[in-house]
Structure formats: structure tokens, C-alpha cells
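If you want the building blocks of each chain, they are given just below.
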Amino acid sequence: MTSTPFGRTVTAMVTPMREDGALDLDGTQRLAAYLADHGNDGLVVNGTTGESATTTDEENVAVVRAVVEAVGDRVAVTAGVGTNDTAHSCRAAEALAAVGADAVLIVTPYYNKPTQAGIVEHFRAVVGATGLPAMAYDIPGRTGTALASDTIRSLAQIPELVAVKDAKGDLFAASRLMHETDLLWYSGDDVLNLPWLALGAVGVVSVVGHVAGSQYAEMVAAVDRGDLPRAREIHTTLIPAIEAVMNTTQGAIMAKAAMRMLGVIESDFCRLPLLPAAPEHLDILREGLRRSGVL
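Per an unreviewed UniProt entry, the chain goes by 4-hydroxy-tetrahydrodipicolinate synthase and derives from Allobranchiibius huperziae. Quoted straight from UniProt, the Pathway (unreviewed entry) entry for the chain says "Amino-acid biosynthesis; L-lysine biosynthesis via DAP pathway; (S)-tetrahydrodipicolinate from L-aspartate: step 3/4."

Written out as C-alpha cells, the structure is:
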């Protein structure tokens, strides 16, 4: 099986919080251990699903330190360091590398709408802040700016930038880039996990992995050995869970609700502007997880 600095079955982890909004670092360590015990060989911490938009730099350091202490010898810990301020991202990368992150996830700068040339220089600067393996996160639905194919070709020339988390969903363009470059491709959209793997992606960075890490690990292994019928069977079984977590309201909200429902964390508190799942959404979640056999 392919070895990567990030793992192959990777969950983009929520950040547990108490009902007063403070970090729950004990809960963070329990959650990390739970995910490591349930099929994940990698975790992304302080990413979008971790509510990075509303956590402070100091909190991000505390969360990465807690996760590394809990499971750093068992899974790869990738720290989200992307912001729309290059200097800020560089400082974040340095701080999170210092507390044990194995790799960094860098999102395309959002809101600023930089040029493609500016995006390349942003990534080059942030990668250069630590020398850790880096994954570029292409999610134009959130950032407002997609990574153009020529930009990705340029990023592939940065030695430490070795992977792309793709939430853009252009399967054909990405298949060309996988062929033309040495970049490791990851599905960044649970709906497309199986198509990405079938096209040559090495793994998934998943929100649904909170409840289906073992199933996704099995899917990755099935595609590796050419057993697409088994991979399709897993995908089909997980459709209700994917719909419940990703399409009911918002992924971070529903993943927290699922972890509370399974007794892994004590609270599903989310910081504004996110709100915890409404009762009717919890009903949908419960039914979706039940139908997929994970509850």
C-alpha cells in the first residue's frame, strides 16, 4: 500500500468545546483516540471542520499539542494553517510544527481573491516556514478562488508541497494532473470519495470519517486490491450517513452532533455563526447513521 505523510484514511476532526464555548481538551484527546481506534491513520486538526475560523492561534496550538500527545505515535497529525494572510499563516505553521504537527494543510487564501501567481507565492511562503510536508486545499466554494491546473502544476514544483485535497470536483482535470505530476491526490468531498479513489487518489480527507473511519479504510484497501464491487458496496451502505452528515445542515455541526450521539464527546456546542444541530436535524442524523449501520 502507498505510504503518505498524511495517512490515507484521514478525518478532518471537529474541535470539542464545552457548553460555555471553551475548548474541551480532554474531549479532544478522547475524540482523537476514538478516531485512531476506528480506522483512521491520519487526522486533520484546526481545519474548516475544526471551526478554524473562530478559534484563536493560542487555541490552535493547544489543540494540536493535545492531539499529538494523545495519538501522535499512532496517526499522522496534519495541522490546518491556512488563512488569507500569508504572514499569519507562516507564523501559524511555525507554531504548530513546534508542538509536533507532522504536516500542514494550506487552504487557498479566501476573500482576497488573489491572482493565481499570488496564490503560488502564498503557498511557497507558508511551506517554506517549516519544511513540513504540505497539502494544498482546493475548495473554491468556500474560498471564492479555484486553483487553476497550471497553478497546481507550479505548486508541484515546490518540493515539500506533495498533496492536494480536492473539494473542487473536476474529476477529469484532476486525473490529468495526477498523471502529469507526482502530487498525492485526496478526496475532499465525502460524496465523491469512491470516484476519486477509482481515478487514482491515494486517500480521503473526510468529515464522515468521524462515524465511518473503519469503513473508509476498508474502501481504500478494496480499491488498492482492485475489488471495486466491495468498494461500491461500502459506498452504497454509507449513503444514508453521508447524506445525514453532509447534506442536512453543515458538516462540522453534524459531525459534532454525531460524536455526542455516540458518546465520544460531551457537548455539540459550536461557536457562532454556527449553531448546534436542531432537534429535527438530530432525528435525520440518527436515522441516517442507523441505516448505514454505524449507530
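## Notes on the overall build of the chain
Counting its secondary structure elements, the chain contains 12 helices and eight strands. Taken over C-alpha atoms, the radius of gyration comes to 18 Å for the chain, in line with the 19 Å a tight globule of 295 residues would show. The principal-axis extent of the C-alpha atoms belonging to the chain is close to 45 × 45 × 35 Å. Across the 295 residues of the chain, 53% fall into the buried class. Nonlocal contacts in the chain, meaning residues at least 24 apart in sequence, comprise 70% of its contacts between residues at least 6 apart. Summed over its atoms, the accessible surface of the chain is roughly 11900 Å², and 52% of this surface lies on carbon and sulfur atoms. In the chain, which carries 22 positive and 35 negative side-chain charges, the distance between the mean positions of the two groups comes to 3 Å.

## Some words on the packing of helix H10 (residues 228–247) against helix H12 (residues 279–291)
Taken N-terminus to C-terminus, the directions of H10 and H12 make an angle of 160°; their axes are 7 Å apart at the nearest point. Between H10 and H12, the angle is such that the two are roughly antiparallel. With respect to the hand of their crossing, H10 and H12 are arranged in left-handed fashion. Across the interface between the two elements, Thr 237, Pro 240, Ala 241, Ala 244 and Val 245 from H10 touch Ile 284, Leu 285, Gly 288, Leu 289 and Arg 291 from H12. Grouping the constituent residues of the contact of H10 with H12 by class yields seven nonpolar, two polar and one charged.

## Notes on the UniProt feature "site: Part of a proton relay during catalysis" (unreviewed entry) in the chain
In the numbering used here, UniProt assigns the feature "site: Part of a proton relay during catalysis" (unreviewed entry) to Thr 48 and Tyr 111. As for the lining of the largest pocket, the annotated residues named previously contribute Thr 48. Under the relative-accessibility criterion, Thr 48 is labelled partly exposed at 31%. Sequence-distant contacts of Tyr 111, that is, excluding residues within four places in its chain, are made with Asn 84 and Thr 143.

## Considerations on the packing of aromatic side chains
Considering all chains together, one arrives at one aromatic pair under this definition. A centroid spacing of 6.0 Å and a plane angle of 85° characterise the contact between Phe 6 and Tyr 186, whose relative ring orientation is edge-to-face. Here the residue Phe 6 occupies a position in the segment before strand E1 (9–12), and Tyr 186 occupies one in strand E7 (residues 184–187), the gap between them amounting to 180 residues. With respect to class, Phe 6 is no different from Tyr 186; both count as buried. Sitting above the plane of the Tyr 137 ring, Lys 165 keeps its charged end 3.9 Å from the centroid.

## Digging into unusual backbone geometry
Cis peptide bonds are those with omega within 30 degrees of zero, and the linkage from Leu 272 to Pro 273 qualifies with 20°. Counting through the fold element by element, Pro 273 comes out in the loop between helix H11 (251–261) and H12. Not every positive phi belongs to a glycine, and Asn 46 is a case in point at roughly 65°. Examined against the element boundaries, Asn 46 turns out to sit in the loop between strand E2 (42–45) and helix H2 (57–71).

## Points about the sheet that holds E1
Taken together, the eight strands give a closed barrel; going around it, the order is E1-E2-E3-E4-E5-E6-E7-E8, and neighbouring strands pair in parallel fashion. Here the average twist between neighbouring strands, direction ignored, is 25°. In the sheet, E1 pairs with E2 via three bridges, with the strands oriented parallel. For Thr 11, the partnering residue across the bridge sits in E2 and is Leu 43. Lying over the sheet, helix H4 (residues 116–128) contacts strand E4 (103–107), strand E5 (134–138) and strand E6 (161–166), oriented at roughly 160° with respect to E4.

The rules behind the values
- Residues numbered from 1 in each chain as written.
- Predicted model: local features only at pLDDT ≥ 70, side-chain atom pairs only at ≥ 80, totals over all residues.
- Heavy atoms only, no water.
- UniProt positions renumbered as here; feature names shortened; annotations may be inferred.
- Helix = DSSP H or I, 4+ residues; strand = E, 2+ residues; numbered from the N terminus.
- Rg over C-alpha atoms; globule rule 2.2 N^0.38 Å.
- Buried < 20%, exposed > 50% of the residue type's maximum accessible area, 1.4 Å probe, protein only.
- Contact = heavy atoms within 4.5 Å.
- Areas by Shrake-Rupley, 256 points an atom, 1.4 Å probe, with all protein chains shown as cover.
- Lys, Arg positive; Asp, Glu negative; His and termini not counted.
- Charge placed at Lys NZ, Arg CZ, Asp CG, Glu CD.
- Axes fitted to C-alpha atoms, helices over the stretch in contact; angles between N-to-C directions.
- Parallel < 35°, antiparallel > 145°, perpendicular 65-115°, else oblique.
- Left-handed = near helix turned anticlockwise from the far one by under 90°.
- Nonpolar A, V, L, I, M, F, W, Y, C, P; charged D, E, K, R; others polar.
- 1 Å grid on protein atoms, 1.4 Å probe; cavity = no way out; pocket = protein on both sides within 12 Å on 5 of 7 lines; lining within 4 Å.
- Phe/Tyr/Trp six-rings, centres within 6.5 Å; stacked < 30°, edge-to-face > 60°.
- Lys NZ or Arg CZ within 6 Å of the ring centre and 35° of its normal.
- Pairing = 2+ DSSP bridges.

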